[in-house]
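A look at the structure
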Amino acid sequence: MNFKRYFTRVLHRLQKGPGYTYKELLVWYCDNTNTHGPKRIIKEGPKKKVIWFFLTLLFASLVFWQWGILIDTYLSYSVSSSLSIGFKTMKFPAVTVCNASPYKYSKVRHLLKELDALTEAALERILQSKHGNAISAPPLNSSETVSQRLDLKLWNQIPLVLIDESDPDYPVIIDLFETDQSAVTEWYILQSTSILSQVPLQERMKMGYQPEDMILACLFGAEPCSYRNFTQIYHPDHGNCYIFNWGMDEEALISSNPGAEFGLKLILDISQQDYIPYLTSTAGARLMLHEQKSFPFLKDQGIYAMSGTETSIGVLVDELERMGYPYSDCTMNGSDVPVKNLYNEYNTSYSIQACLRSCFQAQMFENCGCGHYLFPLPEGVNYCNSEDDPDWAYCYSSLRSSIRHRQFCIDSCKETCNDTQYKMTISMADWPSEASEVKHRAYRARIESELILVSDRNGIIKLNIYFQEYNYRTISESAATTIVWLLSSLGGQFGFWMGGSVLCLIEFGEIIIDFLWITIIKIISWCKGLKQKRARAQYPDTPPTVSELVEAHTNLGFQHEDTNITPRDEVPPPGALPPEPGTPPPNYDSLRVDSLPVCDSDSDAEAS
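What counts, and where the lines are drawn
Residues numbered from 1 in each chain as written. Predicted model: local features only at pLDDT ≥ 70, side-chain atom pairs only at ≥ 80, totals over all residues. Heavy atoms only, no water. pLDDT = per-residue confidence, 0-100. Contact = heavy atoms within 4.5 Å. Helix = DSSP H or I, 4+ residues; strand = E, 2+ residues; numbered from the N terminus. Polar contact = N/O pair within 3.5 Å; in protein donor to acceptor, adjacent residues only side chain to side chain. Disulfide = S-S within 2.5 Å. Buried < 20%, exposed > 50% of the residue type's maximum accessible area, 1.4 Å probe, protein only. Core = buried A, V, L, I, M, F, W, Y, C linked by side-chain atoms within 4.5 Å. UniProt positions renumbered as here; feature names shortened; annotations may be inferred. Axes fitted to C-alpha atoms, helices over the stretch in contact; angles between N-to-C directions. Parallel < 35°, antiparallel > 145°, perpendicular 65-115°, else oblique. Left-handed = near helix turned anticlockwise from the far one by under 90°. Salt bridge = Lys/Arg side-chain N within 4 Å of Asp/Glu carboxyl O.

**With respect to the confidence of the model for the protein chain**
Summarising the model, the protein chain shows a mean pLDDT of 77, and 71% of its residues fall at 70 or more. Between residues 133-148, whose pLDDT stays under 50, and residues either more than four places distant or in other chains, the model counts 23 contacts. A low-confidence stretch, residues 174-179 stays under pLDDT 50, and its non-local contacts, those more than four residues away or across chains, total 16 contacts.

**What to know about the side chain of Asn-341**
As for its placement among the helices and strands, Asn-341 is situated in the loop between strand 13 (330-331) and helix 13 (352-368). Within polar-contact distance, the side chain of Asn-341 engages the side chain of Asn-344 at 3.3 Å. Discounting residues that sit within four places of it in the chain, Asn-341 has contacts with Tyr-350, Ala-354 and Ser-358.

**Here's the deal with the state of the cysteines**
Enumeration according to the criterion identifies seven disulfides in this entry. Disulfide pairing places Cys-355 opposite Cys-413 at an S-S distance of 2.0 Å. Its S-S torsion of approximately -90 degrees makes the covalent link between Cys-355 and Cys-413 left-handed. Of this pair, Cys-355 sits in helix 13 while Cys-413 sits in the loop between helix 15 (403-412) and strand 14 (415-416), and the two are 58 residues apart along the sequence. Take Cys-355 and Cys-413: they sit in the same class, and that class is buried.

**With respect to the nonpolar core**
Ranked by size, the top nonpolar core spans 42 residues in total, and within it Tyr-103, Val-108, Leu-112, Ile-276, Met-364 and Trp-392 carry the most contacts. Not counting residues up to four positions away in its chain, the partners in contact with Trp-392 are Leu-190, Thr-193, Ser-194, Met-364, Cys-370, His-372, Cys-384, Asn-385 and Ser-386. Grouped together as the second largest cluster of nonpolar side chains are 34 residues, Tyr-209, Cys-225, Leu-268 and Ala-305 included.

**Digging into the UniProt feature "transmembrane region" (unreviewed entry) in the protein chain**
Feature annotation in UniProt places "transmembrane region" (unreviewed entry) on residues 50-70, given in this structure's numbering. Between the end C-alpha atoms of residues 50-70 the distance is 30 Å, and the span holds 100% helix and 0% strand.

**Some thoughts on the side chain of Thr-481**
Residue position: Thr-481 is located in the loop between strand 18 (460-479) and helix 16 (483-498). When near neighbours in sequence (up to four residues on either side) are disregarded, Thr-481 contacts Thr-73, Tyr-74, Ser-78 and Tyr-327.

**Considerations on the packing of helix 3 (residues 36-43) against helix 4 (residues 46-75)**
To describe two helices that pack against each other, one gives the angle between their axes and the distance between the axes. Look at helix 3 against helix 4: their axes get within 8 Å of each other, and the N-to-C directions meet at 160 degrees. Here helix 4 runs roughly antiparallel to helix 3, going by the angle between their axes. Every pair of crossing elements has a handedness; the one defined by helix 3 and helix 4 is left-handed. From helix 3, Gly-37, Pro-38, Arg-40, Ile-41 and Ile-42 reach across to helix 4, where they touch Lys-49, Trp-52, Phe-53 and Thr-56.

**Let's talk about the pattern of salt bridges**
Within this structure, the stated rule accounts for seven salt bridges. Here Arg-473 and Asp-318 are joined by a salt bridge, their closest N and O atoms 2.7 Å apart. Here Asp-318 lies in strand 12 (residues 309-321) and Arg-473 lies in strand 18, a separation of 155 residues in the sequence. Assessed through its relative accessible area of 4%, Asp-318 is described here as buried. Of the charged contacts, one joins Lys-414 and Asp-336 as a salt bridge, the two residues approaching to 3.4 Å between their closest N and O atoms. On the criterion of sequence distance, the pair formed by Lys-414 in the loop between helix 15 and strand 14 and Asp-336 in the loop between strand 13 and helix 13 is long-range, its members being 78 residues apart. Assessed through its relative accessible area of 41%, Asp-336 is described here as partly exposed.

The structure is reproduced here in structure tokens:
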């Protein structure tokens, strides 16, 4: 109730404002404002009024123009980058090592036997046709002895080439994947992918390189380590991979000092004599440095270490700190990304590589009806194979080369706001040297107090991974324009062009409120006038007063006096009755006449 009374008083005070017309309000504002220009408009002569009016209008336009530019700059949410260099004890990065060949050929030979024979025959046919000996080489689908020994089922599912032999003297090779051995390798990968996708995961892991055979020696700082300190994962591109210092089950290791003596030293045996011939042409170890609890994408970010060498990798650390929305479209943990992360089964953190691959796998299932062998599977989806999905290879190639699908995944995925990058300085040298190596000389590597004899120099790799220095760089983003910058810039422009301040803006807001209030009063007055006009339309004569309405309600014989009374001098027409009086005499129920009381005081006075 008190609030209602207070609100009524406020409205009453507003109604008593500077005036009831727009002109009075404008004159009052120009006379009382602290802004310099409007006062001169009402106080100067006619000529100067015009001059000051246009100057005030011009400078006010400049102020609003500058304000628009400043607000637009602020809403662009631009950032500025700063670089700072610090010194601290840092966590040693996670190190993932894999073999360039995902499987041992001796363990998958029986699965790839027909594919190897068909690849060898197709490659021989292509090479002969290029050297002009196509006549002597029969086509693969001919009925001669070569085709009888080959299983052309794989060739019919995914042909490597199309050979136009309409002219036997000049056969034309068309529809190659790329050129030469690259085409053979790509075709071989597609075929082997289809074959191996039908093998259970545990069987595929047994076909790869085991940790006790691949990791011969390990030393971190002054502490010895072994293959038991590595976490094994299965990588579709490289088979069994082993991660050191992943940080999943225990705390990440700290490097005490920079330099090669305080880093990680490894000796690896890649056994390249057991590589699959047509699957990979690179011999070596694939390795990658990354953060703890992050999945290694070696195909994108890994490097090769060549066999028969000692590879030293000096590491520098860059920490990136990006600002989130609205300054950039980055994510903290991937929870706001519309793509389901298929790599969550590894319990790893979000990365844009994981998002892009998960998005591609979802597109693969949507368009091809199956999942690709190189990426994790969504729930309820099977890997593609040529028997169940005969057109999967063409669908996969079309999807991979589609710019529209690629752009869709790029738009759907986001960068991480905080990231750590490891810059590597790589140097290599032959190891062991010729002076220390005799042909078939044994290199002894101690692993858990056992001596293992290593005689194949071409299959041995030595790695030294260490912090090059303890200086780390932090590249952080900060807002280039803040609300403080915006307010100071707006006030500076307003003060420079108009000589105003925040109080002047409050005064301007006050006149806007008064303007609206006057408008409301005029609307209310117009509505009242319209209502009275409608009331007069219902009563053609003068409307009765309140007393007349009350009398008519209590006195049934009451008749309203006609305003059109005939004047006394006017003689009524013949036969017309005289007008009845407007008000009849009172209708009393009874009329009593009481005798006046005798005054005793008068009789006493006469007696005296």
